[in-house]
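Residues per chain, in single letters:
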There are 4 protein chains.
Amino acid sequence: MEGLKVIEKRDKKIVEIADTKVGGGNFLFCAGPCAVESKEIMEEIVSYVKISKVNLLRGGAFKPRTSPYSFQGLGEEGLKILKETSRKHNIPFITEITDTKYVELVFKYADGFQIGSRNMSSFELLKEVGKTGKPVLLKRGMSATVEEFLNAAEYILSEGNENIILCERGIRSFDPAFRNILDLNAVAFLKKKTFLPVVVDPSHGTGRRDLVEKLAVAAMAVGADGIIVETHPYPEKALSDGFQSLDRDEFLSLAKSVEKFALFLGYEF
Amino acid sequence: MEGLKVIEKRDKKIVEIADTKVGGGNFLFCAGPCAVESKEIMEEIVSYVKISKVNLLRGGAFKPRTSPYSFQGLGEEGLKILKETSRKHNIPFITEITDTKYVELVFKYADGFQIGSRNMSSFELLKEVGKTGKPVLLKRGMSATVEEFLNAAEYILSEGNENIILCERGIRSFDPAFRNILDLNAVAFLKKKTFLPVVVDPSHGTGRRDLVEKLAVAAMAVGADGIIVETHPYPEKALSDGFQSLDRDEFLSLAKSVEKFALFLGYEF
Amino acid sequence: MEGLKVIEKRDKKIVEIADTKVGGGNFLFCAGPCAVESKEIMEEIVSYVKISKVNLLRGGAFKPRTSPYSFQGLGEEGLKILKETSRKHNIPFITEITDTKYVELVFKYADGFQIGSRNMSSFELLKEVGKTGKPVLLKRGMSATVEEFLNAAEYILSEGNENIILCERGIRSFDPAFRNILDLNAVAFLKKKTFLPVVVDPSHGTGRRDLVEKLAVAAMAVGADGIIVETHPYPEKALSDGFQSLDRDEFLSLAKSVEKFALFLGYEF
Amino acid sequence: MEGLKVIEKRDKKIVEIADTKVGGGNFLFCAGPCAVESKEIMEEIVSYVKISKVNLLRGGAFKPRTSPYSFQGLGEEGLKILKETSRKHNIPFITEITDTKYVELVFKYADGFQIGSRNMSSFELLKEVGKTGKPVLLKRGMSATVEEFLNAAEYILSEGNENIILCERGIRSFDPAFRNILDLNAVAFLKKKTFLPVVVDPSHGTGRRDLVEKLAVAAMAVGADGIIVETHPYPEKALSDGFQSLDRDEFLSLAKSVEKFALFLGYEF
């Protein structure tokens, strides 16, 4: 990792997504559906996540799905829904970008880019979001080493964009019990090595609704600067990732735990 | 996993190792060197772990080492040192057993057996420690699925011994940055599925001294019933695993964090 | 995998890259440098690969490198060198495409697209090369399951392009002895399941020059429709992947083995 | 791996199991059921494996099973059946040993020990079979690196026993499509590094009957000194591992391919 700017000794970076600060003691609590499905569902989600201290919305308009026959997202229509909901409730939002050809479009609508696990090594995309200067939440690849993860961030940084949030979201393992293994070793390590904020996605990191809350607070204990979770009012009807999306009650239970831990750990929140 | 007794719906088991209770709200704080090296070093270790609330000692007398030319442990001499130190300071101890032929010997000295990662599938050994009825701390195999782990515990249970503590100690991954990846998903899952206490070894789980404390408290946040850590007054001179052993100051720092979290989380401790 | 067109029961597809046929008994022998470095080096490579029965050239003009500071390829200049060398020696060529914005450019020069491991899940890219109808050599992602691999091919197929060659190139494992583990189970499985040709890249699949030849013939024994190898006249000076590139003599030794096995196995070659 | 005797530069070792030679150009063709179930079944198996050039029988009497409630083998009764069948047909046999307490017993009956994947790191067992001097077929652990594998062999060698056959049997991966991934990189590497014979178990290495034959010949192409396969006249009724056991016809088809490849590759057979 020698020679990477992302591991230079510097003050911890505070990334600002509109009014939401992340890092340096500022905690990110990001929630939303896997995919934006309709204005109504999005509104319903925000109606309950607003009860908590959620300070960033998430939702996919362009969905990278394993199968070409699965729901691929609403595209620009999804971006419009996100923007409208976000502005109405005054909570900024990020959304996934899957290809360089969407950079301009997503730039126009979103407060920040999300680069998903499948695109961590899409280096042209990293460079182009780097050029925009807009905040980027960069997820670790499914089987990326931490060194590769830091190099991916370096692609963004080397284009002059320091507004990067590293996101651990679980890695592939041999155990079919879990979709992924949440790697909190990496979170502790990245917090030591880099000046960038490091957040955790316990939804993908476990792939099981019943484990999300526990792993969310574990991530906080290990020093994460925030968490990002999937929620859906009717997980069993969700068009994607329902098995790992918290319903209203589960989400509010998690939010309570997150707030309790944030207080205990002294996060600005 | 259908049909396993270890996942029957029952009250949480409280395992007693001499006077130390584990599970059901009782927290295990186990510490000691990787290998017992001498009476003096053992005494020095206990002199500082006693400052904290450590309620179980650990130390290897029979060491399963990758190379036949590495230090293999002191054998019975190590057991004598452990016993003497333990009795003097009134803290019980467990020690690793690597073969059925040592069951009688270890039974005579130790307050509990430890089955290491390399022996999780040594089913004859599991059955024989099962027959003794003595407490067993069973570590997960390096690449064991949680289902295989539960089946290993079942080998002990099916011989009539319910005094089992499950121990997550990290799994193999593709990332050379860490010796192992501590799998806290598994801890959350095992806490839900089984009535046995579940503890965590962040020393092997990270393989790096500088990450042990953070992962220890993460394990607590996720619901672990205890932690087990390696410590050595002079890690750089340790005959095994020095790179992951905490020195005196690092250990006391960890102990402070552990106590702070235990208080916050409401553990009996 | 139910419902995928790529596993429909059909006659084996023969993919034609210019005059080179792949599949249905026609063997692909593809060789070239990791990256195109200069016209001279490219010419020197072809001067010795021509001695063998190589029927496809490879070479990277757009290189997806882990670090932004590593050599990134010559871009269009590289495509021109490839085209010129290819036409002069009358051997078609494929080259890697890393982003949708290069589709038109690469289409103009190359006889076929190569999608690398890092882009197997760049679904927009898969769809766009699918629309061109041009042959695509699709490499398996580093940690893609065979099911995910087949779904990636389905993205191309579902756009109407059946000219797909599946390429196994090694998967991630826990063993630092090898860059990747060549998964010949997958090759045998894919040959049974799909009607598409399946080829093997033993250079990436081992990451070690001294193992490439042995794994190449193993791939043939298991039923692969071809192999693709990296070669460079001066591996120690290569700008990328020198450690796994065969030099002239190593390449000619491999070519001899490949021809011997092809004869024994009855490939059209 | 520095300093290991198993990688000293020496003439290739030829291991003799009764009259069967392995290594240095002598090919091992070992077959038999996963577990010995009865004298009748064993006799039926030998009746068809004898049609081929099988020169070693295998069969488990002590079975290390994931669940304590699965069939655990016939114990000494199984050893008697193996011995009787072996002597009647004049083909030597090996059988798995799972604990030090069975060393004397297995020594008395078998022509060689088999150490299974789950016991590769049972170092006491390795030392004790090392002391006997009897041939040992040592299987690689499910997630053992090649370095750990060689160190396990060193445990046997360091007790003075050079009659060791290394056996690659597949490693754990993230892909649920296969029980294990057969690692032929390791076979090529071990053939280069060590003077010991290296054989391959494509039954465990794939976990699928329909892939065994293809991977067996791939192993031969890569340079393996032999293969070991599971066969059972009625796989669907087998008490263990039926899904990967070849029936009579599948076995004879494999045997034909093995013989064809042995001739082509110039093995003594």
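Residues numbered from 1 in each chain as written. Chains lettered and ligands numbered in written order. Predicted model: local features only at pLDDT ≥ 70, side-chain atom pairs only at ≥ 80, totals over all residues.

1. Considerations on the overall build of chain A
Here is step 1 of the chain: Along its length, chain A carries nine helices and ten strands.
Here is step 2 of the chain: Whereas a compact globule of 269 residues would reach a radius of gyration of roughly 18 Å, chain A reaches 17 Å, a difference of no more than 12%.
Here is step 3 of the chain: Along the three orthogonal principal directions, the C-alpha set of chain A runs to about 50 × 45 × 40 Å.
Here is step 4 of the chain: The contacts in chain A between residues at least 6 apart in sequence include a share of 68% that link residues at least 24 apart. (Helix = DSSP H or I, 4+ residues; strand = E, 2+ residues; numbered from the N terminus. Rg over C-alpha atoms; globule rule 2.2 N^0.38 Å. Contact = placed C-beta atoms within 7 Å.)

2. Overview of the interface of chain C and chain D
Here is step 1 of the chain: Taken together, the 31 residues of chain C in the interface contact 31 residues of chain D.
Here is step 2 of the chain: Elements represented by at least two residues in the side of chain C that touches chain D include exactly helix H5 (146-157), helix H6 (184-193) and helix H8 (212-222) of chain C.
Here is step 3 of the chain: For the side of chain C that touches chain D, the element with the most residues is H8 of chain C, which contributes seven residues.
Here is step 4 of the chain: The residue inventory of the side of chain C that touches chain D, partitioned by class, reads 19 nonpolar, six polar and six charged. (Nonpolar A, V, L, I, M, F, W, Y, C, P; charged D, E, K, R; others polar.)

3. With respect to the confidence of the model for chain A
Close reading of the predicted structure is inappropriate where its pLDDT is low.
Here is step 1 of the chain: Averaged over every residue, the pLDDT of chain A is 97; the share at 70 or more is 100%.
Here is step 2 of the chain: Scoring the predicted complex yields pTM 0.97 and, for the interface, ipTM 0.97. (pLDDT = per-residue confidence, 0-100.)

4. Examining the packing of helix H4 (residues 123-132) of chain A against helix H5 (residues 146-157) of chain A
Residues and elements named next belong to chain A.
Here is step 1 of the chain: Closest axis-to-axis distance for the H4/H5 pair is 7 Å, and the angle between their directions is 45°. Considering the angle they form, H4 stands oblique to H5. Where H4 abuts H5, its residues Phe123, Leu126, Lys127, Val129 and Gly130 lie against Ala152, Tyr155 and Ile156.
Here is step 2 of the chain: Taken together, the residues of the contact of H4 with H5 sort by class into six nonpolar, one polar and one charged. (Axes fitted to C-alpha atoms, helices over the stretch in contact; angles between N-to-C directions. Parallel < 35°, antiparallel > 145°, perpendicular 65-115°, else oblique.)

5. A short note on the interface of chain B and chain A
Here is step 1 of the chain: Listed by partner, the interface residues are 31 residues for chain B and 31 residues for chain A.
Here is step 2 of the chain: Going through the elements one at a time, helix H5 (146-157), helix H6 (184-193) and helix H8 (209-222) of chain B are the ones with two or more residues in the side of chain B that touches chain A.
Here is step 3 of the chain: Looking at which element gives the most residues to the side of chain B that touches chain A, the answer is H8 of chain B, with nine residues.
Here is step 4 of the chain: Considered class by class, the residues forming the side of chain B that touches chain A number 19 nonpolar, six polar and six charged.

6. Structural notes on unusual backbone geometry
Here is step 1 of the chain: For Asp241 of chain B, which is not a glycine, the phi torsion comes out positive at approximately 60°.
Here is step 2 of the chain: Inspection of the secondary structure puts Asp241 of chain B in the loop between strand S10 (226-230) and helix H9 (248-265).
Here is step 3 of the chain: Overall, the presence of 19 C-beta atoms within 10 Å leaves Asp241 of chain B in the partly exposed class.
Here is step 4 of the chain: For Ala18 of chain D, which is not glycine, the phi torsion reads 50° and is therefore positive.
Here is step 5 of the chain: By the secondary structure assignment, Ala18 of chain D is in the loop between strand S1 (15-17) and strand S2 (20-22). (Buried ≥ 20, exposed ≤ 12 C-beta atoms within 10 Å, placed from the backbone.)

7. A word on the relation of the copies chain C and chain D
Here is step 1 of the chain: Mapping chain C onto chain D is achieved by rotating through 180° and translating by 0.0 Å along the same axis, at an RMSD of 0.0 Å. Both copies of the chain, as the preceding transformation shows, are related through a two-fold rotation axis. Of the C-alpha atoms belonging to chain C, the one lying closest to the rotation axis is found on Ala218 of chain C, 2.2 Å away. (Least-squares fit on C-alpha atoms with pLDDT ≥ 70 in both.)

8. Describing the relation of the copies chain B and chain A
Here is step 1 of the chain: After a rotation of 180° and a shift along the axis of 0.0 Å, chain B superposes on chain A with an RMSD of 0.0 Å.
Here is step 2 of the chain: The residues that chain B uses at the interface reappear at the interface of chain A in 100% of cases, marking a shared surface.

9. Comments concerning the pairing of strand S6 (residues 112-115) of chain A
Residue and element names in this part refer to chain A.
Here is step 1 of the chain: Burial along S6 is two-sided: the face carrying Gly112 and Gln114 and the face carrying Phe113 and Ile115 are both buried.
Here is step 2 of the chain: With three bridges joining them, strand S5 (residues 93-96) and S6 adopt parallel strand pairing. Bridge pairing links Ile94 to Gly112 in S6.
Here is step 3 of the chain: Crossover connection from S5 via helix H3 (residues 103-109) to parallel S6: handedness right-handed.
Here is step 4 of the chain: Sheet topology places S6 next to strand S7 (residues 136-139); three bridges connect them, and they run parallel. Its bridge partner lying in S7, Phe113 is registered against Val136.
Here is step 5 of the chain: Between the parallel pair S6 and S7, the chain is carried across by H4, and the sense of this crossover is right-handed. (Pairing = 2+ DSSP bridges. Right-handed = clockwise from strand over helix to strand, strands pointing away.)

10. A short note on the pairing of strand S5 (residues 93-96) of chain B
All names here are of chain B.
Here is step 1 of the chain: A two-sided burial pattern is seen for S5, the buried positions comprising Phe93 and Thr95 on one face and Ile94 and Glu96 on the other.
Here is step 2 of the chain: As paired strands, strand S4 (residues 56-58) and S5 are joined by two bridges and run parallel to one another. Pairing of Arg58 across the sheet is with Ile94, part of S5.
Here is step 3 of the chain: Considered for its hand, the β-α-β crossover made up of S4, helix H2 (residues 76-89) and S5 is right-handed.

11. Some points on the environment of Lys63 of chain A
All names here are of chain A.
Here is step 1 of the chain: Counting through the fold element by element, Lys63 comes out in the loop between strand S4 (56-58) and helix H2 (76-89).
Here is step 2 of the chain: A sequence separation of 53 residues divides Lys63 from Gly116, and the C-alpha atoms of the two residues are 9.6 Å apart.
Here is step 3 of the chain: In this view, Lys63 contacts Ala35, Phe71, Gln72, Gly73 and Ser240; residues no more than four positions away in its chain are not counted.

12. Remarks on H9 of chain B
All names here are of chain B.
Here is step 1 of the chain: With 18 residues, H9 should reach 26 Å at 1.5 Å per residue; the first-to-last C-alpha distance of 25 Å fits that figure.
Here is step 2 of the chain: Of the residues making up H9, those classed as buried are Phe251, Leu254, Ala255, Val258 and Phe261. Along H9, the residues classed as buried sweep out an arc of 135° about the axis, all on the same side. Seen from the buried face of H9, the exposed residues on the opposite side, beyond 90 degrees, are Asp249 and Leu263.
Here is step 3 of the chain: Contacts from the buried residues of H9 go to strand S3 (28-32), helix H1 (39-49), H8 and S10.
Here is step 4 of the chain: Within two residues after H9, Gly266 carries a phi angle of roughly 80°, on the positive side. (Expected span 1.5 Å × (residues − 1). Arc of directions from axis to C-beta.)

13. A short note on the packing of helix H8 (residues 209-222) of chain A against H6 of chain B
Angle between the axes and distance between the axes are the two parameters that describe a pair of packed helices.
Here is step 1 of the chain: Between H8 of chain A and H6 of chain B, the shortest axis-to-axis distance is 10 Å and the interhelical angle comes to 130°. What the angle tells us is that H8 of chain A and H6 of chain B run oblique. Pair H8 of chain A / H6 of chain B crosses with right-handed handedness. On the side of H8 of chain A, the interface is formed by Asp210, Leu211, Lys214, Leu215 and Ala218 of chain A, while H6 of chain B contributes Leu184, Asn185, Ala188, Phe189 and Lys192 of chain B.
Here is step 2 of the chain: The residue inventory of the contact of H8 of chain A with H6 of chain B, partitioned by class, reads six nonpolar, one polar and three charged. (Left-handed = near helix turned anticlockwise from the far one by under 90°.)

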